Amino acid sequence: MACGAVALLVVVCVVVVAGAGAGAQQTADDSVQSYEAHRWDTEDATGDLLTFDLADDEEDLKAPVKVFGYFPHWVHHKNPRLWRRLSWDLLSHFALFHFPLRPDGVIDESKAQIFGDSLHEIAQKAQDTDTTFLLTVTCFDETLHRYILSNDARRREVVENIVNLIGEYEADGVALDFEAIPVDQRTSFTLFVAELAVKAQEKDYEIVVAVPLLDYSDDHTAFDLKKITDAADFVFVMGYDVHHVGSVNTGALAPFDSVYASIDSLMDVIGPDNSEKVLLGVGHYGVEWLCAGDRAGAPVLARGSSLPFNEISKLVNDPEQGVRTDWSIDDQAPFFKRASDGYDQGGYSQGGYSQGQGGYSQGGYSQGQGGYSQGGYGQGGYGQGGYSQGGYSQGQGGYSQGQGGYGQGGYSQGGYNQAG
């Protein structure tokens, strides 16, 4: 998922979420966890995201829509019973995160040990609730991508390993989260997905491929979306991280125009026959930066910090926090400001929350967790505010405001803190 988006995803990514690894196995996994952690509430995962009430005419949501969520091993480590509290009746896909590729191309299963006996119980729960149980295989290392994808024998070996892994864990398929793929491996990655699809179909396994926000009409990217979508069962568009903890300017994680343009180009490329294969991933987190001004787009002075969804809601709705809300015209997204304290120079902290517009995430913080697809276009994501469909969130009083995220901008280097 990169390595945002709820788990289940609660970055839904409901909680639920992805990374860059190079060198030794431990280093690679640490990089993935660090990269993904800013998208999720890893400190206080409560599992309440998919437990809202539905109107009578919305009870049978599983049939017409797809609700996809990643569930990471470190969230389970903190709360081993969290998976039991999810609203499985609303989920179409549960993707266990993650099984990274090691530098030798072998799949690392060590993180699965954290789940212990729960793995079999999760597989059984998925079967009982008609939820597709997927294993997330990840790779975020450009060198490793080239090593595996460019060699026919190594590529096919990884395909066989993935198929065997699915059977070993009683799963229904695989979610591929391959990021930082070199552009010169575009053809090789497409072949990899096609070869995996052939083997998976033999055993009736499902394939979901995560892809970043791009102009998909551009042939100079690593993703040939037409061929990938033809081969896979679904593509999961990571509709977040346009701005992130390492950005040089503040801004929304999912600016409306960026997400809309990417989905629009995707639909043009894949054609109407594949429209129902598109899942739109909606992040469930925000980012706060120390910055040089209190306006959206201000220069960043220090690396940002993650903002879990529930804390954003607390900050925005607590008068004692001194939070003021604002709107970014460029991003078409809301954010908040608050005075920074603890140091002489002070400043302001700005944080974003999500407001659905036409099903797309509008804030520095996306409200849904996971992807949601109906007729091809993602119409929102599931979160505590209900599911957004047709432009506004129908849960908890209309527009859903961010419900997670803690503002860490207590220190100041002269200037302002801003989060989106």
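Residues numbered from 1 in each chain as written. Predicted model: local features only at pLDDT ≥ 70, side-chain atom pairs only at ≥ 80, totals over all residues. Heavy atoms only, no water.

1. Some words on the packing of helix 5 (residues 152-168) against helix 6 (residues 186-202)
Any two packed helices are characterised by how steeply their axes cross, that is the angle between the axes, and by the distance between the axes.
Here is step 1: Remark: helix 5 packs on helix 6, axes separated minimally by 10 Å, with the N-to-C direction vectors making an angle of 40 degrees. Classed by the angle they form, the pair helix 5 and helix 6 counts as oblique. The chirality of how helix 5 crosses helix 6 is right-handed. Counting all contacts with helix 5, which are made through Arg 155, Arg 156, Val 158, Val 159, Glu 160, Ile 162 and Val 163, the residues of helix 6 involved are Ser 188, Leu 191, Phe 192, Glu 195, Leu 196 and Lys 199.
Here is step 2: Class assignment of the residues belonging to the contact of helix 5 with helix 6 gives a composition of seven nonpolar, one polar and five charged. (Axes fitted to C-alpha atoms, helices over the stretch in contact; angles between N-to-C directions. Helix = DSSP H or I, 4+ residues; strand = E, 2+ residues; numbered from the N terminus. Parallel < 35°, antiparallel > 145°, perpendicular 65-115°, else oblique. Left-handed = near helix turned anticlockwise from the far one by under 90°. Contact = heavy atoms within 4.5 Å. Nonpolar A, V, L, I, M, F, W, Y, C, P; charged D, E, K, R; others polar.)

2. Points about the pattern of salt bridges
Here is step 1: Evaluation of the coordinates by the stated rule reveals ten salt bridges.
Here is step 2: Measuring nitrogen to oxygen at the nearest pair gives 2.6 Å for the salt bridge that ties Glu 121 to Arg 84. One end of the pair, Glu 121, is in helix 3 (residues 118-128); the other, Arg 84, is in the loop between helix 2 (73-78) and strand 2 (93-100), with 37 residues separating them in the sequence.
Here is step 3: Residue classification places Glu 121 among the partly exposed positions, given a relative accessible area of 31%. (Salt bridge = Lys/Arg side-chain N within 4 Å of Asp/Glu carboxyl O. Buried < 20%, exposed > 50% of the residue type's maximum accessible area, 1.4 Å probe, protein only.)

3. A look at the packing of helix 4 (residues 142-149) against helix 5
Here is step 1: Remark: helix 4 packs on helix 5, axes separated minimally by 6 Å, with the N-to-C direction vectors making an angle of 100 degrees. Here helix 4 is positioned roughly perpendicular relative to helix 5, judged by the angle of their axes. Packed against helix 4, whose contacting residues are Tyr 147, Ile 148 and Leu 149, the element helix 5 presents Arg 154, Arg 155 and Val 158 at the interface.
Here is step 2: Here the residues of the contact of helix 4 with helix 5 are counted per class, giving four nonpolar, no polar and two charged.

4. Thoughts on the packing of aromatic side chains
Here is step 1: Taken as a whole and judged by the stated rule, the model has 17 aromatic pairs.
Here is step 2: Look at Tyr 70 and Phe 236: their rings are 5.3 Å apart centre to centre, the planes differ by 80 degrees, and that puts the pair in the edge-to-face class. With Tyr 70 in strand 1 (residues 66-72) and Phe 236 in strand 6 (residues 234-238), this residue pair connects regions lying 166 residues apart in the sequence. Accessibility classification places Tyr 70 together with Phe 236 in one group, the buried group.
Here is step 3: Relative to Phe 94, the ring of Trp 88 lies with its centre 4.8 Å away and its plane at 20 degrees, an arrangement referred to as stacked.
Here is step 4: In textbook terms, an aromatic cluster arises when at least three aromatic residues are bridged by ring pairs, as seen for Phe 71, Trp 83, Trp 88, Phe 94, Phe 115 and Phe 133.
Here is step 5: If you follow Arg 154 out to its NZ or CZ, it ends over the ring of Tyr 147, 3.8 Å from the centre. (Phe/Tyr/Trp six-rings, centres within 6.5 Å; stacked < 30°, edge-to-face > 60°. Lys NZ or Arg CZ within 6 Å of the ring centre and 35° of its normal.)

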